[in-house]
Every structure is written in C-alpha cells, then in structure tokens.
Amino acid sequence: GNSVTQMEGPVTLSEEAFLTINCTYTATGYPSLFWYVQYPGEGLQLLLKATKADDKGSNKGFEATYRKETTSFHLEKGSVQVSDSAVYFCALSIAGNQFYFGTGTSLTVIP
Amino acid sequence: EAGVAQSPRYKIIEKRQSVAFWCNPISGHATLYWYQQILGQGPKLLIQFQNNGVVDDSQLPKDRFSAERLKGVDSTLKIQPAKLEDSAVYLCASRLSAPTDTQYFGPGTRLTVL
C-alpha cells in the first residue's frame, strides 16, 4: 500500500543550525511528494513539492530532493530561524488523488 | 483571492449526537477533500470530490459519516451518531483541477465529543 514515514519529533534547534527532517515513502505507483507546514494557530500550507524522481523542491530556504532509489524526500534547511518553528508534514499523492500524510514533526527553534 | 472557508471552527457535542461541518472551497476549484486529523497524527483523507461526484471515499466510515457536495461547490460532512474517537480536527481542502495543482487547506473544525 501507500504510506509515509517521517522522523519522530519533537526537534529543538538553536537559531542558524542546520535542519534535516527525514521522510521515506512506500507507493504503488509514481507519487508526487510534498512537504506541508503548519504554523501555530494556522492551517496547513504547502511548503514545497516534487513530481518526479530527482526533482528538487525549494521554498523559503527549505529544500527536498525526490530520491526514487532510496524512496526518500528529506527536508533540509541550512540555517533555521525562530520563525520556522512549526509542525512539518511529509505527504504523497498518486496522480493527484489518494493523499497520504506522515504523522508530522514538530520543530522548535530557540534564539 | 479568498481561501477555503470552514464553519464552525469549534464544536463540542455529546456522544451519540449528530454534527455537521460546512466547507466553501476556493472559487473555481473542482476538487474538494475532507480530512480527519486526530491529535498527534497527520491528516487522513476521508473523501474526495471532483465537482459533485465522489472520486474516493474508501476511508470514510460510512456507517456514521456522510458527505455531499451539491452543485459542485460547497460541501457538508456529517457524523451521525458521533463517538468519542471522532474527536479530531476536520480539514477541508480544495484544488483547481490538474493532478499537480496545489491543495489549499481551510482552517479546520475542531470537534470534541464528550
């Protein structure tokens, strides 16, 4: 079946530290991969996406590369800020349907 | 551009009662989704509409949950009767049409079943 497994949290980092949140997937077809972010008190927002193998999605300094060989889509940022504190969700979809989300990773960045 | 609207934002009911949630997607968005997000978990897709037809409702507990999308615009999700385990945030999302289009989420309705 289809599923997403992401790194357990919570994660606490100091400002300007390097961030990696691991995400691996299992899919029966050719999925598109997404990272969503949920800031405190707000709804889910798309952070970045990649629709085929070796694509790199990027936004707001965050990056993730679609790795078919390792079935992974790890989220990275070189220097986190306090404003990046949020819950991050990895997700996949098959042909734009059948969306599957991971359990979320809570990130807290301290000054 | 207005976002996805949901109401109510919060609802508290007793078990065995009924409840309904309403969603108004972004204008022109053909695809509409309802998700259930239990505390500490990721969203789980309950049902997907394309215009007013159901594309996927394989994870909708049909003995107690129902959803409709009249005229391919607004949608309502109903739970009857509610159970304690239905306590969750119910999220509505919409998408323009193509598979690679972005999903836009509403703020959600937080349901507490006592």
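I will try to describe carefully the structure that is included in this document. (Residues numbered from 1 in each chain as written. Chains lettered and ligands numbered in written order. Predicted model: local features only at pLDDT ≥ 70, side-chain atom pairs only at ≥ 80, totals over all residues. Heavy atoms only, no water.)

A word on the pairing of strand β4 (residues 23-26) of chain A
Two faces make up the sheet, and in a regular strand the side chains alternate between them. All names here are of chain A. On β4, burial follows the alternation: C23 and Y25 on one face are buried, whereas T24 and T26 on the facing-out side are not. Relative to β4, strand β1 (residues 3-6) runs antiparallel, the two sharing 4 bridges. Within β4, the residue paired with V4 across the bridge is Y25. (Buried < 20%, exposed > 50% of the residue type's maximum accessible area, 1.4 Å probe, protein only. Helix = DSSP H or I, 4+ residues; strand = E, 2+ residues; numbered from the N terminus. Pairing = 2+ DSSP bridges.)

Re the interface of chain B and chain A
Contacts between the two partners involve 21 residues from chain B and, on the opposite side, 17 residues from chain A. Together, the buried faces of chain B and chain A total about 1400 Å²; carbon and sulfur atoms form 54% of this surface. Seen at the junction of chain B and chain A, the total is 1 residue pair in polar contact (both at pLDDT 80 or more). Take the side of chain B that touches chain A: its biggest share by element is 3 residues, from strand β4 (residues 31-37) of chain B. Among the residues forming the side of chain B that touches chain A, the class breakdown is 8 nonpolar, 10 polar and 3 charged. (Contact = heavy atoms within 4.5 Å. Buried area = accessible area lost by both parts, 1.4 Å probe. Polar contact = N/O pair within 3.5 Å; in protein donor to acceptor, adjacent residues only side chain to side chain. Nonpolar A, V, L, I, M, F, W, Y, C, P; charged D, E, K, R; others polar.)

Re the state of the cysteines
A complete count under the given rule lists 2 disulfides over all chains for this structure. Between A:C23 and A:C90 runs a disulfide, and the two sulfur atoms are separated by 1.9 Å. Judged by the sign of its S-S torsion, about -70°, the bond between A:C23 and A:C90 is left-handed. With a gap of 67 residues between them, A:C23 in strand β4 and A:C90 in strand β10 (residues 86-94) connect regions that are remote in the sequence. Assigned by exposure class, A:C23 and A:C90 land together as buried. Paired by a disulfide, B:C23 and B:C92 hold their sulfur atoms 1.9 Å apart. On the S-S bond that ties B:C23 to B:C92, the torsion sits near -70°, and the link is left-handed. In this pair, B:C23 sits in strand β3 (residues 19-24) while B:C92 sits in strand β9 (residues 88-95), placing the two residues 69 residues apart along the sequence. (Disulfide = S-S within 2.5 Å.)

Some remarks on the sheet that holds strand β7 (residues 56-59) of chain A
All names here are of chain A. Strand order across the open sheet formed by 4 strands is β3-β9-β8-β7, with antiparallel pairing between neighbours. Across the chains shown, the open sheet's two edge strands, defined by having one partner strand only, are β3 (19-21) and β7. The average angle at which neighbouring strand axes cross in this sheet is 15°, direction not considered. Bridge analysis of strand β8 (residues 62-65) against strand β9 (residues 75-77) gives 3 bridges, and the strand direction is antiparallel. The residue of β9 that forms the bridge with A64 is L75. (Axes fitted to C-alpha atoms, helices over the stretch in contact; angles between N-to-C directions.)

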